[in-house]
Amino acid sequence: MGQLRKGAVTLALGIWLAWSGPAASEVMTGLTTGIVVPGQQDLVFKEYPSDGGRPLADPTTTNDVTESLGPLVGATITAWGDWPALRYFGVQLDPIYWVMSAKGANTPPAPHFTVHQQRTALYLSALGRLPLRPLLGRFSEEPGKDTFAYLGAGAGAVHSSVTHGASKWGVGDQLLGGVSIPLTGHVRLRLETRYLLARDVDTRPRDGPGWRVDTSGTHVRFTVDRHLDTRFHPVLLGVDWRF
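What counts and how
- Residues numbered from 1 in each chain as written.
- Predicted model: local features only at pLDDT ≥ 70, side-chain atom pairs only at ≥ 80, totals over all residues.
- Heavy atoms only, no water.
- Salt bridge = Lys/Arg side-chain N within 4 Å of Asp/Glu carboxyl O.
- Helix = DSSP H or I, 4+ residues; strand = E, 2+ residues; numbered from the N terminus.
- Buried < 20%, exposed > 50% of the residue type's maximum accessible area, 1.4 Å probe, protein only.
- Core = buried A, V, L, I, M, F, W, Y, C linked by side-chain atoms within 4.5 Å.
- Contact = heavy atoms within 4.5 Å.
- Pairing = 2+ DSSP bridges.
- Axes fitted to C-alpha atoms, helices over the stretch in contact; angles between N-to-C directions.
- 1 Å grid on protein atoms, 1.4 Å probe; cavity = no way out; pocket = protein on both sides within 12 Å on 5 of 7 lines; lining within 4 Å.
- Points joined across faces, edges and corners; volume = space filled by probe spheres on them.
- Nonpolar A, V, L, I, M, F, W, Y, C, P; charged D, E, K, R; others polar.

Trainee: Looking at this structure, how should I read the pattern of salt bridges?
Mentor: Side chains bearing opposite charge may pair, as long as their charged atoms lie close to each other. The tally for this structure, following the rule as stated, stands at 6 salt bridges. Residues Arg 194 and Asp 94 are paired through a salt bridge, measuring 2.5 Å at the closest nitrogen-oxygen approach. Separated by 100 residues along the polypeptide, Arg 194 in strand S10 (residues 187-199) and Asp 94 in strand S6 (residues 89-104) bring together distant segments of the chain. Just as Arg 194 is buried, Asp 94 falls in that class too. Connected via shared salt-bridge partners are Asp 94, Arg 190, Glu 192, Arg 194 and Asp 240.

Trainee: In this structure, what is going on with the nonpolar core? I would like to understand it.
Mentor: Within soluble globular proteins, side chains that are nonpolar tend to cluster in buried spots. Counting residues in hydrophobic clusters, the biggest one holds 12 residues: Val 36, Leu 72, Ile 96, Trp 98, Met 100, Ala 121, Tyr 123, Val 158, Leu 196, Ala 198, Phe 232 and Leu 236. Contributions of two or more residues to this core are made by S6, strand S7 (114-133), S10 and strand S12 (228-242). Among the elements that take part in this core, S6 stands out by supplying 3 residues, more than any other. Apart from the residues within four sequence positions on either side, Ala 121 is in contact with Asp 94, Pro 95, Ile 96, Trp 98, Ala 157 and Val 158. Grouped together as the second largest cluster of nonpolar side chains are 11 residues, Phe 45, Val 65, Phe 113 and Val 213 included.

Trainee: I tried to follow the sheet that holds strand S3 (residues 60-62) on my own but got confused; where do I start?
Mentor: Sheet strands pair by backbone hydrogen bonding; their relative direction is either parallel or antiparallel. Overall, antiparallel pairing links the 3 strands, which are arranged S3-S2-S11 in an open sheet. Each having just a single partner strand, S3 and strand S11 (210-217) make up the two edges of the open sheet. Neighbour-to-neighbour, the strand axes of this sheet turn through a mean angle of 20°, independent of strand direction. In this sheet, S11 lies alongside strand S2 (residues 41-48) in antiparallel orientation, the contact comprising 8 bridges. When the bridges of S11 are listed, Gln 41 appears paired with Gly 217.

Trainee: Just checking my understanding: could you explain the environment of Gly 170 for this structure?
Mentor: Residue position: Gly 170 is located in strand S9 (residues 167-182). Along the backbone, Gly 170 and Ser 160 are 10 residues apart, and their C-alpha atoms lie at a distance of 8.0 Å.

Trainee: Explain empty space enclosed by the protein here, please?
Mentor: Empty space among the atoms becomes visible once a probe the size of a water molecule is rolled across them. Scanning the model with the defined rule gives 4 cavities of 30 Å³ or more in all. Of the volumes computed, that of the largest cavity is approximately 70 Å³. Lining the largest cavity, in full, are Met 28, Thr 78, Trp 80, Gln 92, Leu 127, Phe 148, Tyr 150, Ser 180, Arg 190, Glu 192 and Asp 240. Of all the secondary structure elements, the ones that give two or more residues to the lining of the largest cavity are strand S5 (70-80), strand S8 (147-162) and S10. Split into classes, the residues belonging to the lining of the largest cavity amount to 5 nonpolar, 3 polar and 3 charged. In this structure, the second largest cavity occupies an estimated 60 Å³ of space.

Here it is, written out as structure tokens:
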């Protein structure tokens, strides 16, 4: 059932973006950059033997973790409807990449090192928007002249890579919202914030002998997958080009 839903969403996106008729005549591409504020993380240190078996002792867990701010870059492809009712709704496909680091308190016998984390994601989101200017709640007759606020939610694939840890693919969720401001007839400025959820990164014996670290966050109740625990809160600035 899950694969069927994913296939249906992908097909709907392809039809929306490819159709040359009025259902999706407003298509925008954009670039995004900003700062990621990570949520609280836990670090779990495990020492694996050289033969690849189970950890040599009980894992060492620290909740006293200092996370760094990190950069985020990405791109967007957004399609808004053009029929009167559909102009308020759209879909967005956006690849993004962000990095950050975390360092736990000194907890012997675990080593005291900084854990660098990289994540690459591809999200598909459903959006809704509300015109703010020049008319609140109503679009102007000339396309590209409205300032509007928007909200959205989506899901996608996230690849996480952790130094002294593991690399893995998993699912991710996001909530996003912001304001889009016209600069010219075809260029818009986007001010945006997001709430990103990614999978915990757990190590296994195959990840190598010696000390390894798992990264995890606080459980989020509304997620479908109980492993979607690591949170990030980007504050973003984007520029969009309208076709």
